[in-house]
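# Residue-level structural notes
The residues making up each chain are set out below.
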Amino acid sequence: MNPDVPLSAEPSIAESPCIKICELDRQGVCQGCFRTRGEIGSWFHATNAERAKINAYAEKRKTLGQK
């Protein structure tokens, strides 16, 4: 255990879910990662909690087959 890292520290969600298939549909959802245009644009400045939500929403869109 590292005494400098709090026990409640959550792991960083640094890597973007982008898979380099960057094509938005008519609703503005990427056909590769299933994020919206706004989610893609806000990724760089998003907190870990916000990134987790973005990933959850994208996964739901993918599961529902919304491209």
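Below or above, wherever it landed, is the structure these notes cover. (Residues numbered from 1 in each chain as written. Predicted model: local features only at pLDDT ≥ 70, side-chain atom pairs only at ≥ 80, totals over all residues. Heavy atoms only, no water.)

## Some details on unusual backbone geometry
Although it is not a glycine, Lys-20 sits at a positive phi angle of roughly 65 degrees. Tracing the backbone through its elements, the reader meets Lys-20 in the segment before α1 (37-42). In this structure Lys-20 comes out as exposed when scored by relative accessible area, which is 69%. For Phe-34, which is not a glycine, the phi torsion comes out positive at approximately 70 degrees. Tracing the backbone shows Phe-34 in the segment before α1. Overall, Phe-34 belongs to the buried group, its relative accessible area being 7%. (Helix = DSSP H or I, 4+ residues; strand = E, 2+ residues; numbered from the N terminus. Buried < 20%, exposed > 50% of the residue type's maximum accessible area, 1.4 Å probe, protein only.)

In short, shape yes, function no, at least from these values alone.
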